[in-house]
Amino acid sequence: MPPLDWTRSACHHTPVPSPLTIRIATAKLETLDCHTRLPFRFGIHTLTGAPYATATVEIEAADGRRARGAASDLLVPKWFEKDPALTPEQDSAALVASAEAAFEVALKIPSTTVFDLWWQLYQNRVAQQPRSDSDLLVRGFGVALLERAMLDAACRLLDCSFFDALKNNLFAIQPGLVHEELKDWDLAADLPTSPAASIQLRHTVGLLDALTTAELDPAMAPDDGLPNSLEEDVQRYGLQWFKIKVAGRGQEDVDRLLAIARVLKQNGITQPRFTLDGNEQYQDMNQLAELLQQVSATSEGAEFLRGLAFIEQPLSRDHTFDPSRHQGFDAVKAFAPVIIDEADFGIWAFPDAIKLGYQGISIKACKGVFRALLNRGICSIRGGGLFQSGEDLTNLPVRALQQDLCLMTSLGIEHVERNGHHYFRGLDHLPAEEALAAMQAHPDLYDSTAGTTALTIVHGRLETASLHCRGFGCRLNP
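Counting restarts for each chain: residues are numbered from 1 in the order of the written sequence. Confidence filtering applies because this is a predicted model: local features only for residues at pLDDT of at least 70, side-chain atom pairs given and counted only at 80 or more, and all residues used for totals across whole chains, interfaces and linings. Excluding hydrogens and water, the side-chain figures rest on all heavy atoms present in the structure.

1. Here's the deal with the packing of helix α2 (residues 114-127) against helix α3 (residues 136-158)
So, step 1. As a packed pair, α2 and α3 sit with axes 10 Å apart at the nearest point and diverge in direction by 165°. Regarding the angle of α2 to α3, the classification is roughly antiparallel. Our pair here, α2 against α3, has a crossing hand that is right-handed. Touching V114, L117, W118, L121, Y122, R125 and V126 of α2 are L136, R139, G140, V143, L146, E147, M150, L151 and A154, all from α3.
So, step 2. Under the scheme applied here, ten amino acids are nonpolar (Ala, Val, Leu, Ile, Met, Phe, Trp, Tyr, Cys and Pro), four are charged (Asp, Glu, Lys and Arg), and all others, including Gly, are polar. Looking at the contact of α2 with α3, its residues break down into 12 nonpolar, 1 polar and 3 charged. Lines are fitted to the C-alpha atoms to define the axes, a helix being fitted only along its stretch in contact, and any angle between axes, read from their N-to-C directions, falls within 0 to 180 degrees. Labels follow the DSSP assignment, with helices taken as runs of H or I lasting at least four residues and strands as runs of E lasting at least two, numbered in each case from the N terminus. Note that the term roughly parallel is reserved for angles under 35 degrees, roughly antiparallel for angles over 145, roughly perpendicular for angles of 65 to 115, and oblique for everything else. Crossings are sorted by hand: turned counterclockwise from the far helix by less than a right angle, the near helix makes the crossing left-handed, and turned clockwise it makes it right-handed. Contact criterion: two residues are considered in contact whenever any of their non-hydrogen atoms come within 4.5 Å of each other.

2. What to know about helix α12 (residues 349-356)
So, step 1. Accessible area is worked out with a 1.4 Å probe on protein chains only. A residue is then buried under 20% of its type maximum, exposed over 50%, and partly exposed in between. Those residues of α12 not exposed but buried are A349, F350, P351, A353 and I354.
So, step 2. Structurally, α12 contributes buried residues whose contacts are with β9 (338-340), β10 (360-363), α13 (369-382) and β11 (387-390).

3. Considerations on the environment of R273
So, step 1. Relative to the helices and strands, R273 is located in strand β7 (residues 273-277).
So, step 2. Among all residues touching R273, those that are not within four sequence positions of it are Q240, W241, F242, G307 and A309.

4. Let's talk about the sheet that holds strand β3 (residues 66-74)
So, step 1. Pairing is antiparallel across the open sheet formed by 4 strands, whose spatial order is β3-β2-β1-β4. In the strand order of this sheet, the two ends are held by β3 and β4 (112-113), each with one partner. Any two strands between which DSSP finds at least two bridges are classified as paired.

5. Thoughts on the nonpolar core
So, step 1. Residues belong to a common nonpolar core when they are buried Ala, Val, Leu, Ile, Met, Phe, Trp, Tyr or Cys residues joined through side-chain atoms within 4.5 Å. In this structure, W118, F162, F171 and F242 are the most contacted members of the largest nonpolar core, which totals 152 residues.
So, step 2. Excluding residues that lie within four positions of it along the chain, F162 makes contacts with L151, C155, F171, V369, C406, L407, S410, C469, G471 and F472.
So, step 3. Ranked by size, the runner-up nonpolar core spans 5 residues in total, among them W241, F310, I339 and F387.

6. What to know about the packing of aromatic side chains
How two aromatic rings sit relative to each other is set out by the distance from centre to centre and by the angle between their planes.
So, step 1. Pairing of aromatic rings covers Phe, Tyr and Trp, the last counted by its six-membered ring, and requires centre-to-centre distances within 6.5 Å; plane angles under 30 degrees mean stacked, over 60 mean edge-to-face, and any other angle means tilted. A complete count under the given rule lists 18 aromatic pairs for this structure.
So, step 2. Relative to F42, the ring of F40 lies with its centre 5.1 Å away and its plane at 50°, an arrangement referred to as tilted. Comparing F40 with F42, the two get one shared label, buried.
So, step 3. Measuring from ring centre to ring centre gives 4.9 Å for W79 and F80, while their planes differ by 85°; the resulting arrangement is edge-to-face. Each member of the pair W79 and F80 is classed as buried.
So, step 4. A network of ring pairs unites the aromatic residues F115, W118, W119, Y122, F162, F171, F370 and F472 as a single cluster.
So, step 5. Definition used: whenever NZ (Lys) or CZ (Arg) falls within 6 Å of the ring centre and also within 35 degrees of the ring normal, the charge is taken to sit over that ring. Seen from the ring of F329, K333 lies directly overhead, with NZ or CZ sitting 4.6 Å from the centre.

7. Looking at the side chain of E342
So, step 1. By secondary structure assignment, the location of E342 is in the loop between β9 and α12.
So, step 2. Whenever a nitrogen or oxygen atom comes within 3.5 Å of another N or O atom, the pair is scored as a polar contact, on the condition that within protein one atom can donate a hydrogen and the other can accept it, and that pairs from neighbouring residues in sequence are kept only if both atoms are in side chains. Within the structure, the side chain of E342 is placed 3.2 Å from the side chain of W79, a separation counted as a polar contact.
So, step 3. A polar contact is formed between the side chain of E342 and the side chain of N279, at a distance of 2.9 Å.
So, step 4. Look past the residues within four positions of E342 in its chain and what remains in contact with it is W79, K82, L137, N279, E280, Q313 and R317.

8. Some remarks on the pairing of β3
So, step 1. Counting buried residues in β3 gives 7 out of 9 residues, a clear majority hidden from the surface.
So, step 2. Sheet analysis places strand β2 (residues 45-61) next to β3, joined by 9 bridges and oriented antiparallel. Along β3, the bridge assignment pairs E60 with R66.
So, step 3. Hairpin connection, β2 to β3: the antiparallel pair is bridged by 4 residues, and G64 has positive phi, about 95°.

9. Regarding helix α7 (residues 230-237)
Note: α-helices contain 3.6 residues per turn, so residues at a spacing of three or four share the same orientation.
So, step 1. Counting buried residues in α7 gives 6 out of 8 residues, a clear majority hidden from the surface.
So, step 2. Inspection of α7 places L230, E231, E232, D233, V234 and Y237 among the buried residues, and these make up the whole buried set.
So, step 3. Structurally, α7 contributes buried residues whose contacts are with β5 (198-205), β6 (241-245), α8 (251-266) and α15 (420-423).
So, step 4. G238 occupies a position one or two residues after α7 and carries a positive phi of about 65°.

10. Here we look at the side chain of T456
So, step 1. Mapped onto the secondary structure, T456 falls in the loop between β14 (452-455) and β15 (461-463).
So, step 2. Among the polar contacts listed, one links the side chain of T456 to the side chain of D447, at a separation of 3.3 Å.

Written out as structure tokens, the structure reads:
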């Protein structure tokens, strides 16, 4: 096919004199089963498969015009709620129920602005619950899934890209309604001049991942033409950034970090940049400080830790806001700033975490787009080295991955965790015709490799220019 023109001039819109007002006319959810090619161990769970959910909504504007939008997510168990008494199937079912509950509420909200519709939905489903409730992230998931589908539909109705909608405040965002300190903050002025056309991929190194090809069990490693070990990933994709899982296991973590440092150096990565993800596995900050001090006690470890950008969610969500668990925090921050992820229960979480000394918060589309934008405002208004990071909950193509990338590049995030390319086989979870359509619509992001449609990763980067199109990150019609 002829090359497509990805210039942003192809995304047209006419600024409207008054905010768009809409209502949700219809909403539905469909799921399909997905299975990993390699097991993904994070925290207490090993992911081998999960349903992939797609929400499709139809919105109606005040003038009667209608548009459809869609959003997707892998229903990952043991992240939104880590209750060992529940099976992975029950966890995924709870996420489906959350989406359906959000649909039920949204269908009853009268016509209003896009932002106000989200705010009413969020208040109903999340904000009214006690902060101690264990299912706040589950509740927020349904809100976030519908929110992204609604944003997609609104952009299609307005014939504009997600970035242009933000720049022109077509969603009628009112930051001061949520956080008083943001009443004078201008999101549009805070955004980049244009969205990034590429982004650095931060490759996940899971707790079960083979570091070298020699470690692989030939009987277990898939013979599918894709990399199976860290060194193969580095060689295939030209990786420069990594996200390394640690497990709160003392010397075992020390040895693994030093082994990773050696493998990267042996494969030409002399100055690797990386983050550490504790996935709630540390009892207190002293335990984490001890790990970092032990690694830095060796010359190779000290050299390796110079590339550490930040540390993600070391304490359990239940202990994150407990001051008694933060003894040793200064010793940890001497190595790198610390951010929250699983403890990001709601709009209050980041301000409360800052009070304890945390400096950042993750952006995950499964937690909400408007929540990410509001947290950006907090970082901008307060300064002091506060920041947001791009993290992954195994975003698979098409819409989950692309909308997440569209959000990251619209906000100017320089690198983002990605792991779907490693633990799943390309777009094989989709019907062949859908995978082909995605590659044809976004040839900068996908190509045909090893007999499947898969992400194109060159020098550790993803090309994203085609995502800044009519709608929210995806040229395919809902």
